[in-house]
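# Chains, contacts and geometry: an overview
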Amino acid sequence: KAAELGFSWVNQNEIDEEVENLSGGNLLRRYLNQKELEQSGVDLQIETAVDEAKVAEFVQTRCAEFTTAPQDAVITHENGVFQVSQSSAGQEVDIDATTKALNEALAGGLSEPVSVDATVKNAEPTRTTEALSTIQDALGTFSTGFNPGNVSRSKNLRNGAAKINGTVLMPGEEFSAYTWLTPFTVENGYASAGSYANFQIIQPPPRCTLYPYTTLYNAALLAEMDITQRQNHSMIVTYVPASQDSAIAGTYKDLKFKNPYDTPIYMEGAVNGGTISFTIYGKETRPANRTIKYVSETLSKKDPGEPITKVDASLKPGARVKEQSAHYGLQSRLWKYVYVDGVETEKTLLQTDTYMASKAIYRVGPAVATAAPAVPAGPQPET
């Protein structure tokens, strides 16, 4: 029924205004209007229209069986070879064109049933076989080492790398490490592992540890992604130069970058032994005679000071156990150099960072009890 499509009179205000003009005014004006209406009358064109939102709802509920969704291509990388599935277009009702056709057909009134053909258009896939097939070249790759003997950390690194592995970014799309990797829960494959908080290494609920973000960040730098958000850790890390790290903490510290190229990119992550690696693939369009280099510059360094000792009654007297290594404070910055045929053509300051100093912390056993000195013989002092 027309009412199901929100069919209504849409220019009532304009008609009311015209009627008021014809019936209002002073006595002479009203008399002249009355005579004119008696002689020739006036046509007031009523306009109708359907509600586009109700048309869309009707199409979604009543025409679903006649539409097909587009099929995106899927890309995989196995044994050094990319495989891309076939994409296909779908069909969907063009809501705007169909609404226009309905309004034109219903403008003649409802004295007879009105029949309108829905306008159908192709629905193109977001990721076509042609687009994904351009992914062939390694644009940037980076690896960092870790201690595979730390079972929780190893598990988290494998889990984080697996979640990022196979990610595709179309031109202009943005990647968020926090969105992609969270929640940091056991149910999502994580285990408890050390991270920084309040300038100390803590053992929090499951976290993905520090390494994945920094490793991926450096791969993104080498691939020359458009870095839209990156923050350094509160204290220095030792596996990359200062200002080449990237931290994650809630949504206020995140690693985000966009694909700046006209073709899609593919992110590959893997853990082998004590190494985690990320590679960003795409279509290489940068000139072969152009190279880039990132240089960390230390601006100032601060000594952490004397270590902190904490008595631990569970230790033997005289025992000493390191709970946390010292971290010196640092201010640093990162430069990007671009060379063409070995000649420097660009030098860009990317960021300046401050890392807090942190004292070493030791747990020590209680002091050895000493015997009270003997009281010498002789007169005793008065009390």
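### Looking at the packing of aromatic side chains
Per the stated rule, a full pass over the model turns up 7 aromatic pairs. Ring plane angle 15 degrees and centroid distance 6.3 Å describe the contact between Tyr 337 and Tyr 339, whose orientation is recorded as stacked. Of the residues examined, Tyr 337 reaches a relative accessible area of 13% and is grouped as buried. Classification of Tyr 339 by relative accessible area gives buried; the value is 18%.

### What to know about the environment of Thr 67
Tracing the backbone shows Thr 67 in the loop between helix H3 (52–62) and strand S3 (75–78). A residue is classified by how much of its surface remains accessible, and Thr 67, at 28% relative accessible area, is partly exposed. Distance in space between the C-alpha atoms of Thr 67 and Glu 92 is 5.2 Å, their sequence separation being 25 residues. Those residues in contact with Thr 67, other than ones at most four positions away along the chain, are Gln 91, Glu 92 and Val 93. Among the polar contacts listed, one links the side chain of Thr 67 to the backbone oxygen of Ala 64, at a separation of 3.1 Å.

### Some remarks on the environment of Lys 322
Its place among the elements puts Lys 322 in strand S18 (residues 320–324). Beyond its immediate stretch of four places on either side in the chain, Lys 322 contacts Ile 361 and Tyr 362.

### Brief notes about a negative patch on the surface
On the surface, Glu 14, Asp 16, Glu 17, Glu 18, Glu 20 and Glu 47 cluster together into a negatively charged patch. Inspection of the secondary structure assignment puts Glu 14 in helix H1 (residues 12–23).

### Here we look at the sheet that holds strand S15 (residues 275–282)
Overall, antiparallel pairing links the 4 strands, which are arranged S7-S15-S14-S8 in an open sheet. Strand pairing shows two members of the sheet lacking a second neighbour, strand S7 (137–145) and strand S8 (167–169), which therefore form its edges. Put simply, the sheet's adjacent strands are angled 20 degrees from each other on average, direction ignored. The strands touched by helix H6 (residues 151–164) within the sheet are S8, strand S14 (265–272) and S15, with S14 carrying the most contacts at an inclination of about 160 degrees.

Conventions and cut-offs
Residues numbered from 1 in each chain as written. Predicted model: local features only at pLDDT ≥ 70, side-chain atom pairs only at ≥ 80, totals over all residues. Heavy atoms only, no water. Phe/Tyr/Trp six-rings, centres within 6.5 Å; stacked < 30°, edge-to-face > 60°. Buried < 20%, exposed > 50% of the residue type's maximum accessible area, 1.4 Å probe, protein only. Helix = DSSP H or I, 4+ residues; strand = E, 2+ residues; numbered from the N terminus. Contact = heavy atoms within 4.5 Å. Polar contact = N/O pair within 3.5 Å; in protein donor to acceptor, adjacent residues only side chain to side chain. Patch = residues over 30% accessible without salt bridge, like charges linked within 9 Å, V, L, I, M, F, W, Y side chains within 5 Å. Areas by Shrake-Rupley, 256 points an atom, 1.4 Å probe, with all protein chains shown as cover. Salt bridge = Lys/Arg side-chain N within 4 Å of Asp/Glu carboxyl O. Lys, Arg positive; Asp, Glu negative; His and termini not counted. Charge placed at Lys NZ, Arg CZ, Asp CG, Glu CD. Pairing = 2+ DSSP bridges. Axes fitted to C-alpha atoms, helices over the stretch in contact; angles between N-to-C directions.

Remember that the coordinates give geometry; whether it matters functionally is a separate question.
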